[in-house]
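Okay, here's what each chain looks like letter by letter:
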Amino acid sequence: MEDAYDLYRRGTELLEAGHNHQAAIPLARACELAPDKTSVREALGRALFHIQRYEEAAEEFRAVVERAPTNDFALFCLGRCLQLLGRHAEARHPLALAACLQPGRRDYRLYRDRARARAAQASGG
């Protein structure tokens with residue numbers, strides 16, 4: 001039986017090679033074995049994001065943010081998942097936090113601003 005670290009390592013190798021569907025399998029198993037490991041959950045979230053399973057990816061990134069509230073990457077990814085699910089108003093908060101934590105990241109600011117604009121459109125403002 002493989003341990004969580006071996007599964008994580010195999011999953012991240014697959015993820016880095018662009019084999020996102022395959023990566024999700026060992027990463028999900030690693031997450032079952034080590035649900036408190038933010039590195040495992042972040043990697044699983046990345047795999048799920050790349051295979052367009054945005055709701056599940058958002059759950060993983062939300063779990064990372066709960067344990068590491070200053071993880072700008074997890075905040076950004078959570079916001080992107082919410083945007084892709086059409087939940088722009090909800091996406092504003094994590095995207096704004098990510099942009100504040102890393103003000104030099106143009107991509108963070110761009111998606112933050114898009115979420116703000118889409119949320120304003122939806123509310124008629």
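Going by the structure above, here's the rest.
The paragraphs below set out a description of the structure included in this document. (Residues numbered from 1 in each chain as written. Predicted model: local features only at pLDDT ≥ 70, side-chain atom pairs only at ≥ 80, totals over all residues. Heavy atoms only, no water.)

**Some words on the packing of aromatic side chains**
Per the counting criterion, the structure on display carries three aromatic pairs. Through a chain of ring-to-ring contacts, the aromatic side chains of Phe-76, Tyr-108 and Tyr-111 assemble into a single cluster. Directly above the ring of Tyr-111 sits Arg-114, whose terminal nitrogen or CZ lies 5.0 Å from the centroid. (Phe/Tyr/Trp six-rings, centres within 6.5 Å; stacked < 30°, edge-to-face > 60°. Lys NZ or Arg CZ within 6 Å of the ring centre and 35° of its normal.)

**Observations concerning helix H6 (residues 88-101)**
Under the 1.5 Å per step criterion, the end-to-end length of H6 is 20 Å for 14 residues, consistent within 8% with the ideal 20 Å. Of all the residues in H6, the buried ones are His-88, Ala-91, Pro-94, Leu-95, Ala-98 and Ala-99. (Helix = DSSP H or I, 4+ residues; strand = E, 2+ residues; numbered from the N terminus. Expected span 1.5 Å × (residues − 1). Buried < 20%, exposed > 50% of the residue type's maximum accessible area, 1.4 Å probe, protein only.)

**A short note on the side chain of Gln-83**
The residue Gln-83 is located in helix H5 (residues 72-84) in this model. Gln-83 gets classed as buried once you look at its relative accessible area, which sits at 8%. Residue contacts for Gln-83: discarding those within four places in its chain leaves His-88, Ala-91, Leu-95, Tyr-111, Arg-114 and Ala-115. (Contact = heavy atoms within 4.5 Å.)

**Concerning the side chain of Thr-12**
Along the chain, Thr-12 turns up in helix H1 (residues 4-16). Of the residues examined, Thr-12 reaches a relative accessible area of 16% and is grouped as buried. For Thr-12, the side chain forms a polar contact with the main-chain oxygen of Arg-9, separated by 3.0 Å. Setting aside residues up to four positions removed in sequence, Thr-12 forms contacts with Leu-27 and Ala-43. (Polar contact = N/O pair within 3.5 Å; in protein donor to acceptor, adjacent residues only side chain to side chain.)

**Here we look at unusual backbone geometry**
Unusually for a residue other than glycine, Gln-52 sits at a positive phi of about 60°. Here Gln-52 lies in the loop between helix H3 (38-50) and helix H4 (54-67). Residue class for Gln-52 comes out exposed when judged on its relative accessible area of 59%.

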